[in-house]
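Below, each chain spelled out in residue letters.
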Amino acid sequence: GNQDPSMWYSDVIYANGTVMSFEEYAESVLQIQFANSDWKSPGKYFDHLQSWMALFRRDQLLILHYDELKMNPQKVQWRIQEFLGATFTGDLPL
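Computed from a predicted structure; not experimentally measured. (Residues numbered from 1 in each chain as written. Predicted model: local features only at pLDDT ≥ 70, side-chain atom pairs only at ≥ 80, totals over all residues. Heavy atoms only, no water.)

Draft legend 1. Region of the structure containing the overall build of the protein chain. Across its full length, the protein chain carries five helices and zero strands. Along the chain direction, N to C, the helices and strands of the protein chain fall in the order α-α-α-α-α. Within the protein chain, the fraction of its 94 residues that count as buried is 21%. Counted over contacts in the protein chain with a minimum sequence separation of 6, partners at least 24 positions apart contribute 15%. Of the roughly 7600 Å² of accessible surface on the protein chain, 57% is carried by carbon and sulfur atoms. (Helix = DSSP H or I, 4+ residues; strand = E, 2+ residues; numbered from the N terminus. Buried < 20%, exposed > 50% of the residue type's maximum accessible area, 1.4 Å probe, protein only. Contact = heavy atoms within 4.5 Å. Areas by Shrake-Rupley, 256 points an atom, 1.4 Å probe, with all protein chains shown as cover.)

This is how it looks when you write it as structure tokens:
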């Protein structure tokens, strides 16, 4: 059936309305769901993350969000450079 697209929103928002970082979300929500073998994912994104996280340590994965790229490409470029330990010239194309 169709999932309510706003269902995930309650998992990533604090009571004061601010959005969790991915790391905060991973620690407070995903870690619990990964540990619960009875929990089933409502979407493919989580399934892909779970597969990659089974193969690599968290510090070996850089998880980016397309909306973040659209809103702040410079920050995303900085995150990529920090993750890879390298500096790149130019800007990320959108």
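Having seen the model, we can carry on.
Draft legend 2. Just the pattern of salt bridges, in detail. What the rule picks out here adds up to two salt bridges. We note a salt bridge from Arg79 to Glu68, for which the minimum N-O separation is 2.7 Å. Note that Arg79 is positioned in helix α5 (residues 73–84) and Glu68 in helix α4 (residues 66–71), a separation of 11 residues in sequence. Overall, the relative accessible area of 16% leaves Arg79 in the buried class. Residue Glu68 is classed as buried on the basis of its relative accessible area of 17%. (Salt bridge = Lys/Arg side-chain N within 4 Å of Asp/Glu carboxyl O.)

Draft legend 3. Region of interest: the packing of aromatic side chains. This model, assessed by the stated rule, comprises one aromatic pair. A centroid spacing of 5.7 Å and a plane angle of 25° characterise the contact between Trp52 and Phe56, whose relative ring orientation is stacked. (Phe/Tyr/Trp six-rings, centres within 6.5 Å; stacked < 30°, edge-to-face > 60°.)

Draft legend 4. Main features of the side chain of Glu68. A polar contact of 2.7 Å, which involves the side chain of Glu68, links it to the side chain of Arg79. When sequence neighbours within four positions are dropped, the list of residues in contact with Glu68 reads Pro73, Lys75, Val76 and Arg79. (Polar contact = N/O pair within 3.5 Å; in protein donor to acceptor, adjacent residues only side chain to side chain.)

Draft legend 5. Expanded view of α5. In a regular helix each residue adds 1.5 Å, so 12 residues correspond to 16 Å; α5 covers 16 Å between its end C-alpha atoms and thus fits that length. Every buried residue of α5 is listed here: Pro73, Val76, Gln77, Arg79 and Gln81. Summarising the contacts, the buried residues of α5 are in contact with α4. Directly after α5, the chain includes Gly85, whose backbone phi takes a positive value near 70°. (Expected span 1.5 Å × (residues − 1).)

Read these as geometric descriptors, not functional statements.
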